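# Descriptive structure summary
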Amino acid sequence: MFWQKEIETASRSEIEKFQLQMLNDTISRAKKSKFYSKQLENVNIVKNIEQLRELPFTTKEDLRNGFPYGFLTVDLSEVVRLHSSSGTTGNPTVVYHTAQDLQNWANISARCMYTAGARKNDVFQNTMGYGLFTGGLGFHYGAEKLGMMTIPIGPGNSKKQFWFMKNFGTTVVHILPSYALRLYHSMKEDGVDPKKDLKLKIFFIGAEPHTEELRREIQNLYGLKAFNSYGLSEISGPGMAFECPVQDGMHIWEDFVIPEIIDPDTLEVLPDGQEGEFVLTSINRQAMPVIRYRTRDLTRIIPELCPCGRTHRKIARIKGRTDDMMIVNGVNIFPVQIEKTIMNIPQAGKNYIIEIMKKDYMDKLSVKIEINENTFDGTLEDLECLKRKIEAELKAETGVSPTVTFVDQGTLPVTEGKAKRVYDLRQVKDKR
Ligand code: ADP
Ligand code: ZN
């Protein structure tokens, strides 16, 4: 049931056939909403998948403008759940689900977990936030569907996390990559060695950009396999793309969404292999399908077939959002470039923040890195050397000259949800 061979290994023409059918169903359903009744006024039937390109895009702005019910396609009495973004700047984006939507989502997240090797006899600890954020509830129902004993512990309280892991023999954990590092340090402080004292086998890590280097670090620290997991609330939440055991890119479940990559400036569709903005059309949603939704996430579709046998295409690790890009003295930099550099220097701590300031009309990029005695036990002179080494490597990676400052372990600001890495102090600007 969780390994759906006919669907997951279908040929391209079979995939396109069911996608076309589902797309047309979605279009006719979408037109029941206020927004799409206008947006798709002149669209009737799409004859082939290529024609999707002729339909207009949907943006986050459209969703906000459609607040609260502009995208709803069913009677409110059919809606059983609402999720929403925080909406600190203006209207929040609200996403609705029917009972069928929740079933479909649970099935797809169960498929993800099964793909990564989770089974009925596993014990699953979900450290993602429960509530309006989709990370917690999204995988919760998939895990129960798979039959795992599910511990809905939610985020934070590290001591409690590893107490549960120890006492209930947790084997599978859903966790933010930034929190996985913090949790490890907390375990260390309390003398818990996850490799010896716990039974952990699998982490699902996602919800925020992270590097291959950080994944390897997490795998090494805990002695397990960490699988990258991608999703966004507008298309349900976690489970939309997921790594298989090959661990080289995430399969996009093409019976759930149709992926495209576009050039964010010209809006042209790019061929597989080229990096651009990820655009998704949900073809298996009832209450609130979105058509050609611009995710703002940057990635590329991997053109090669995966050796695992699944034919649903894969996306490369997300580089960040288009609006995560920092422009420092005219040079474009993504936070993951800084992370990659830091992760490759074993003596450096792994927790960091990036600050950008303006001084004498020039941008200054400063990176604060936590240092800890497990990775570094040298003299002050060695520390100065390490600082210069990291600065040189950061310069080589980014093309600008960042300043590195070391701070004590545990002193950088902690966020309970997704990590906030970048503090742009040049002007107070709010993106959301
Ligand atoms: P918000 O948009 O408020 O962060 P979501 O929970 O819907 O709310 O977050 C979805 C976004 O999180 C994605 O669009 C993407 O930017 C990021 N994201 C999710 N999974 C991953 C992942 N595995 N790697 C990188 N970024 C991710
Ligand atoms: Zn695969």
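Report follows, based on the coordinates. (Residues numbered from 1 in each chain as written. Chains lettered and ligands numbered in written order. Predicted model: local features only at pLDDT ≥ 70, side-chain atom pairs only at ≥ 80, totals over all residues. Heavy atoms only, no water.)

## Things to note about the sheet that holds strand β20 (residues 403-408)
As a reminder of what qualifies: Pairing between two strands requires that DSSP report at least two bridges joining them. Comment: elements are numbered from the N terminus, with helices defined as DSSP H or I runs of at least four residues and strands as E runs of at least two. Every axis corresponds to a line fitted to the C-alpha atoms, with the helix fit spanning only the stretch in contact, and the corresponding angles, defined between N-to-C directions, vary from 0 to 180 degrees. Contacts between residues were defined by any pair of non-hydrogen atoms, one from each residue, lying within 4.5 Å.
The sheet built from four strands is open, its strands ordered β20-β19-β18-β21 with mixed pairing. Unpaired on one side and paired on the other, β20 and β21 (422-424) mark the two borders of the sheet. Averaged over all pairs of adjacent strands, the angle between strand axes in this sheet comes to 25°, irrespective of strand direction. By the bridge criterion, six bridges tie strand β19 (residues 362-371) to β20 in an arrangement that is parallel. Among the inter-strand pairings, valine 367 is bridged to a residue of β20, identified as valine 404. On top of the sheet, helix α11 (residues 335-343) reaches β18 (352-359), β19 and β21; it is set at about 125° to β18, its chief contact. Packed onto the sheet, helix α12 (residues 380-398) meets β19 and β20 and runs at close to 135° relative to β20.

## Structural notes on the site of ligand 1
For clarity, the cut-off: Whether a residue is near a molecule or strand depends on its heavy atoms: it is near if one of them lies within 4 Å of it. Identification of polar contacts relies on pairs of N or O atoms within 3.5 Å, with a donor-acceptor requirement for protein atoms, meaning one able to donate a hydrogen and the other able to accept it, and with residues adjacent in sequence counted only if both atoms are side-chain atoms. Per-residue accessibility takes into account occlusion by the displayed protein chains alone, with areas from the Shrake-Rupley method and a 1.4 Å probe.
Taken together, 18 residues lie near ligand 1, and Ser229, Ser233, Asp297, Arg321 and Lys418 sit nearest. At 3.4 Å from a nitrogen atom of ligand 1 is found a main-chain nitrogen or oxygen belonging to glutamate 208. Take arginine 321: an N or O atom from its side chain is 2.8 Å from an oxygen atom of ligand 1. Isolated, ligand 1 exposes 560 Å² of accessible area, and the fraction of that covered by the protein chains is 90%.

## Some points on the sheet that holds strand β6 (residues 202-206)
Sheet architecture is open: nine strands sit in the order β4-β3-β5-β6-β7-β8-β9-β14-β13, paired in mixed fashion. The open sheet has two free edges, formed respectively by β4 (149-151) and β13 (301-302), since each of these has just one partner strand. Looking at chain direction, β6 and strand β7 (residues 225-231) are connected through five bridges and run parallel. By the bridge assignment, glycine 206 is partnered in β7 with serine 229. Each of β5 (172-175) and β6 is contacted by helix α8 (residues 177-189), which is oriented at about 115° to β5, the strand it contacts most.

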